[in-house]
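Descriptive structure summary
Here's the letter readout for the chains.
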Amino acid sequence: MSGIDSLPPLRQVIADHGLSARKSLGQNFLLDLNLTAKIARQAGDLTGCDVLEIGPGPGGLTRGLLSEGARRVVAIEKDTRCLPALGEIAKAYPDRLEVLNADALEINPLDHLTPPIKVAANLPYNVGTELLIRWLTPSDWPPFWQSLTLMFQREVAERIVAQPGSKAYGRLAILSQWRADARIVLNLPPGAFTPPPKVSSAVVHLTALPKPRFPADPKILERVVARAFNQRRKMLRAALKGMAPDIEDRLIAAGIQPTDRAETVHLEQFCALARSFES
């Protein structure tokens, strides 16, 4: 822990570098280093792992990941204002932190990381869901990552772990639970952040399964569930009618009644329906 102890408190770092969280970048900073270390621990044993972090800001979670033993951290930060603060962390942890001033949506992690790889991030709210979908739907599986430990708005976290029949159940639940075990491991009130957001947050931990729970093409499955849940109030035969002229037959073959609504359909049934579009 000597590296983290040698660095100034995050409030001082923010003051020294003039870092105010920008709404346009989806930023909310966590300043409690005990809390950022606790989040890092939710990722499990980091010894011997490279860790990908998105949107480190002033580096609170970065310091937690390094102090908890990550072999190496690659932090992608779009905001150039944060780079000097992150540079100070890199000096405190020689050869263990690489900072990329880039857009996370445009980076191939395998160009910078060596397996085994974990992802841990207080994701910027404006790109968090898109990144999660990308990480869950590569054409090849297992993915580049062993686990994802990600902070979201509480509402988004609940959508990831939701079960059929609940209001939160939808595309995120299907895609997350198809290829991973997902659970909420930590809840955080607005007051934990600077500035405080209007909503609570939660940390979700997803562990990649060796293979998907049920066979399906990821792009087809994503398209089916996106269409199904885009019109939640409609019966599935109406919501999906544009996908095939024989959609009722396909639904029945997948064990789904054409009059069912998307929120009542289970993962296995959605996968069976997606497979009907593969040939």
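For the structure, check the block above.
What you see is a predicted model; the values in this text were computed from it and never measured.

A few words now on the overall build of the protein. When you go through the protein residue by residue, the secondary structure sums to twelve helices and nine strands. Computed over the C-alpha atoms, the radius of gyration of the protein is 20 Å, within 12% of the 19 Å expected from 2.2 N^0.38 for a compact globule of 279 residues. Expressed along its principal axes, the backbone C-alpha trace of the protein runs to roughly 65 × 35 × 30 Å. Considering the protein as a whole, with its 279 residues, one finds that 49% of them fall into the buried category. Sequence-distant contacts, at least 24 apart, represent 70% of the contacts inside the protein between residues at least 6 apart. By element, 49% of the accessible surface of the protein is carried by carbon and sulfur atoms, the whole surface being about 12,700 Å². Averaging the positions of the 34 positive and the 29 negative side-chain charges in the protein gives two centres separated by 6 Å.

Further remarks concern the nonpolar core. Soluble globular proteins: nonpolar side chains tend toward being buried together. Ranked by size, the top nonpolar core spans 60 residues in total, and within it Ile 54, Leu 132, Trp 135, Trp 145, Leu 150, Leu 221 and Phe 270 carry the most contacts. In terms of residue count, the dominant contributor to this core is helix H9 (residues 218-230) (six residues). Once residues within four sequence positions are removed from consideration, Leu 221 is found in contact with Ile 174, Leu 175, Trp 178, Ala 216, Phe 270, Cys 271 and Ala 274. One finds Ile 39, Ala 40, Leu 46 and Leu 66 within the second-largest nonpolar core, a separate group that totals 34 residues.

Next up on the list: the pattern of salt bridges. By the definition in use, this model includes twelve salt bridges. Put simply, Arg 134 and Glu 130 hold a salt bridge, and the shortest N to O gap is 3.3 Å. Placement of the pair is Arg 134 and Glu 130 together in helix H6 (residues 128-136), with a separation of four residues, close to one helical turn. Residue class for Glu 130 comes out partly exposed when judged on its relative accessible area of 40%. Overlapping salt bridges bring together Asp 50, Arg 71, Arg 72 and Glu 98 as one network.

So, about helix H4 (residues 60-67). For H4, the buried fraction is high: eight of the eight residues fall into the buried class. When we look at burial in H4, the residues that qualify are Gly 60, Leu 61, Thr 62, Arg 63, Gly 64, Leu 65, Leu 66 and Ser 67. In the stretch just after H4, Gly 69 is the one whose phi turns positive, near 105 degrees.

Definitions and cut-offs
- Residues numbered from 1 in each chain as written.
- Predicted model: local features only at pLDDT ≥ 70, side-chain atom pairs only at ≥ 80, totals over all residues.
- Heavy atoms only, no water.
- Helix = DSSP H or I, 4+ residues; strand = E, 2+ residues; numbered from the N terminus.
- Rg over C-alpha atoms; globule rule 2.2 N^0.38 Å.
- Buried < 20%, exposed > 50% of the residue type's maximum accessible area, 1.4 Å probe, protein only.
- Contact = heavy atoms within 4.5 Å.
- Areas by Shrake-Rupley, 256 points an atom, 1.4 Å probe, with all protein chains shown as cover.
- Lys, Arg positive; Asp, Glu negative; His and termini not counted.
- Charge placed at Lys NZ, Arg CZ, Asp CG, Glu CD.
- Core = buried A, V, L, I, M, F, W, Y, C linked by side-chain atoms within 4.5 Å.
- Salt bridge = Lys/Arg side-chain N within 4 Å of Asp/Glu carboxyl O.

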